[in-house]
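Residue strings, one per chain:
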Amino acid sequence: VQLVETGGDLVQPGGSLRLSCAASGFTFSRYDMNWYRQAPGKERELVATIQSAGGSTRYADSVKGRFTISRDNAKNTVYLQMNSLKFEDTAKYYCNAFRRNYREYNYWGQGTQVTVSS
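Spatially, 4 strands are ordered β1-β3-β8-β7 in an open sheet, and the strand pairing comes out antiparallel. Strands with a single pairing partner mark the edges of an open sheet, and in this sheet they are β1 (2–6) and β7 (67–72). Each strand axis lies, on average, 15 degrees off the axis of its neighbour in the sheet, ignoring direction. As judged from the 6 bridges shared by β7 and strand β8 (residues 77–82), these two strands associate in the antiparallel manner. Its bridge partner lying in β8, R71 is registered against V78.

One pass over the full model with this rule turns up 5 salt bridges. Two residues, D61 and K64, come together in a salt bridge whose shortest N-O distance is 3.1 Å. Take D61: its relative accessible area is 65%, and that puts it in the exposed class. In this structure, the salt-bridge partner of E104 is R100, at a minimum N-O distance of 2.8 Å.

Okay, the nonpolar core next. Core analysis: the largest hydrophobic core is formed by 30 residues, its most contacted members being M33, W35, V78, L80, M82 and Y93. Secondary structure elements with two or more residues in this core: β3 (17–24), β4 (32–38), β5 (45–50), β7, β8, β9 (91–100) and β11 (112–116).

Quick look at the side chain of R37 now. With respect to the helices and strands, the residue R37 is situated in strand β4. At a separation of 3.4 Å, a polar atom in the side chain of R37 contacts the side chain of S62. R37 has contacts with E43, R44, E45, V47, S62, V63, F67, E88, D89, A91, K92 and Y93, leaving out every residue within four places of it along the chain.

By the secondary structure assignment, F87 is in the loop between β8 and β9. Along the sequence, F87 and S117 sit 30 residues apart, while their C-alpha atoms lie 6.3 Å from each other. Ignoring sequence-local partners within four residues, the contact set of F87 consists of P13, V116, S117 and S118.

All right, on to the side chain of R66 then. Examined against the element boundaries, R66 turns out to sit in the loop between β6 (57–59) and β7. Here the side chain of R66 touches S62 through a polar contact of 2.8 Å, landing on its backbone oxygen. Those residues within four positions of R66 in sequence are excluded, and the remaining contacts are Q81, M82, N83, S84, L85, K86 and D89.

Applying the stated criterion across every chain, the model contains 1 disulfide. Here C21 is linked by a disulfide to C95, with a sulfur-sulfur distance of 2.1 Å. Here the S-S torsion is close to -80 degrees, and the disulfide linking C21 with C95 is therefore left-handed. On the criterion of sequence distance, the pair formed by C21 in strand β3 and C95 in strand β9 is long-range, its members being 74 residues apart. Assigned by exposure class, C21 and C95 land together as buried.

What counts as what
Residues numbered from 1 in each chain as written. Predicted model: local features only at pLDDT ≥ 70, side-chain atom pairs only at ≥ 80, totals over all residues. Heavy atoms only, no water. Pairing = 2+ DSSP bridges. Helix = DSSP H or I, 4+ residues; strand = E, 2+ residues; numbered from the N terminus. Axes fitted to C-alpha atoms, helices over the stretch in contact; angles between N-to-C directions. Salt bridge = Lys/Arg side-chain N within 4 Å of Asp/Glu carboxyl O. Buried < 20%, exposed > 50% of the residue type's maximum accessible area, 1.4 Å probe, protein only. Core = buried A, V, L, I, M, F, W, Y, C linked by side-chain atoms within 4.5 Å. Polar contact = N/O pair within 3.5 Å; in protein donor to acceptor, adjacent residues only side chain to side chain. Contact = heavy atoms within 4.5 Å. Disulfide = S-S within 2.5 Å.

Structural data, given as structure tokens:
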């Protein structure tokens, strides 16, 4: 199982970035996909979720209206489009795959750094 995040960068406030997470080694379409982030000295925070079935989405209040999560099951990839970035969006962003049936399956990527700075 592998989750590889890309797209993190240094960006000015108000700018945009698109993160990608390429998945392999499991049946991607069956998993809910999540983006988390963790800033230095803070707990890991759930930013956005896209469900496996139907593709419904949820967002943290702090990013609603600015971030958009999407998935391409044909490419086994989940995306996070981040617009109107703020200083407080600075964090390491992690991709997570989750599924629960008879047991829980929970996979993590290594993360990609997003730094918002002028």
